[in-house]
Amino acid sequence: QFDFAKLKWLNQHYIKQLAEQNPQRLRDLVADKLQRLYKISIKNVANLVENFQKLCLLYADRSQTINELAENLLPFFEEIADFSADKVQQIQQKLAEIYKPEAKIAMADLLKAFADLQNQNLWIAENINAAIKSTFKAHKLKMPHLAIPLRVALLGVEHTPSVDIILQILGFAKVQAAINKFLL
């Protein structure tokens, strides 16, 4: 009897192996899927062109097929202002469940810290992580109180690879737009 679960596991193994041995090939396969399935060209999204391979590598171990990997990357191609009414409603519903009122003040402070990083040309993962950590410590919160709502507001999902790397790739403008629209 054919075992689809084992096939998906094996396929995921090969995706991880490809990510390690030939990341450019993985990038090209995913870019081709995005183009063919969703009519998305990575060349049209300026900040993603240089980070697309990094995104593919970050999501490789979270995907069992190339199609799934391409689907996992779709939110990176959407602008906050272009979210459909349904997506906005879904995000608001998720946030209503997980976003604590006490985190709202912390989120405002975090946005100020992010703006400072951007103004000083220090928008890199390490600095973003430090800003998040210092903010949640100052407000006596835990990382999930800030990181999960950020993920939901930006990408519509609660779980992603490391939030600091994701924020760096998305860029300050998109992070600022999401915080202002959903979290303040």
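Residues numbered from 1 in each chain as written. Predicted model: local features only at pLDDT ≥ 70, side-chain atom pairs only at ≥ 80, totals over all residues. Heavy atoms only, no water.

1. Quick notes on the packing of helix 7 (residues 102-119) against helix 9 (residues 143-155)
Their axes nearest at 10 Å, the elements helix 7 and helix 9 cross at an angle of 75 degrees. Classified by the angle their axes make, helix 7 and helix 9 are roughly perpendicular. Here helix 7 contributes Ala103, Ala106, Met107 and Leu110 to the contact with helix 9, which in turn contributes His145, Leu146, Pro149 and Leu150. Its residues assigned to classes, the contact of helix 7 with helix 9 comprises 7 nonpolar, 1 polar and no charged. (Axes fitted to C-alpha atoms, helices over the stretch in contact; angles between N-to-C directions. Helix = DSSP H or I, 4+ residues; strand = E, 2+ residues; numbered from the N terminus. Parallel < 35°, antiparallel > 145°, perpendicular 65-115°, else oblique. Contact = heavy atoms within 4.5 Å. Nonpolar A, V, L, I, M, F, W, Y, C, P; charged D, E, K, R; others polar.)

2. Observations regarding the side chain of Gln53
Relative to the helices and strands, Gln53 is located in helix 4 (residues 52-60). At a separation of 3.1 Å, a polar atom in the side chain of Gln53 contacts the side chain of Arg27. (Polar contact = N/O pair within 3.5 Å; in protein donor to acceptor, adjacent residues only side chain to side chain.)

3. A closer look at a nonpolar patch on the surface
A surface patch of nonpolar side chains, amounting to about 350 Å² of accessible area, comprises Phe2, Phe4 and Leu7. Examined against the element boundaries, Phe4 turns out to sit in helix 1 (residues 4-21). Taking the relative accessible area as the measure of exposure, Phe4 reaches 59% and is therefore exposed. (Patch = residues over 30% accessible without salt bridge, like charges linked within 9 Å, V, L, I, M, F, W, Y side chains within 5 Å. Areas by Shrake-Rupley, 256 points an atom, 1.4 Å probe, with all protein chains shown as cover. Salt bridge = Lys/Arg side-chain N within 4 Å of Asp/Glu carboxyl O. Buried < 20%, exposed > 50% of the residue type's maximum accessible area, 1.4 Å probe, protein only.)

4. Side note on helix 4
Of all 9 residues making up helix 4, 7 are buried, and the element is well covered by its neighbours. Among all positions in helix 4, only Phe52, Gln53, Leu55, Cys56, Leu58, Tyr59 and Ala60 are buried.

5. With respect to the pattern of salt bridges
In total, this model carries 3 salt bridges according to the counting rule given. Here Arg36 and Asp32 are joined by a salt bridge, their closest N and O atoms 2.9 Å apart. Of the two residues, Arg36 and Asp32 both sit in helix 2 (residues 23-38), 4 residues apart, roughly one turn of that helix.

6. Observations concerning unusual backbone geometry
Here Lys39, not a glycine, exhibits a phi torsion of approximately 60 degrees, which is positive. Inspection of the secondary structure assignment puts Lys39 in the loop between helix 2 and helix 3 (46-49). The exposure class assigned to Lys39 is exposed, which follows from its relative accessible area of 66%. Not every positive phi belongs to a glycine, and Asn121 is a case in point at roughly 55 degrees.

7. Description of the packing of aromatic side chains
One pass over the full model with this rule turns up 6 aromatic pairs. Taken together, a centroid distance of 5.0 Å and an interplanar angle of 75 degrees make the contact between Phe2 and Phe4 edge-to-face. For Phe2, a relative accessible area of 55% gives the class exposed. Here Trp123 and Phe172 contribute two aromatic rings whose centre-to-centre distance is 5.6 Å and whose plane-to-plane angle is 75 degrees, an arrangement assigned as edge-to-face. Of the two residues, Trp123 sits in the loop between helix 7 and helix 8 (125-138) while Phe172 sits in helix 11 (residues 172-183), which places them 49 residues apart along the sequence. Under the relative-accessibility criterion, Trp123 is labelled buried at 12%. Given the relative accessible area of 12%, Phe172 is considered buried. Here the aromatic residues Phe114, Trp123 and Phe172 are joined through ring pairs into a cluster of three or more. (Phe/Tyr/Trp six-rings, centres within 6.5 Å; stacked < 30°, edge-to-face > 60°.)

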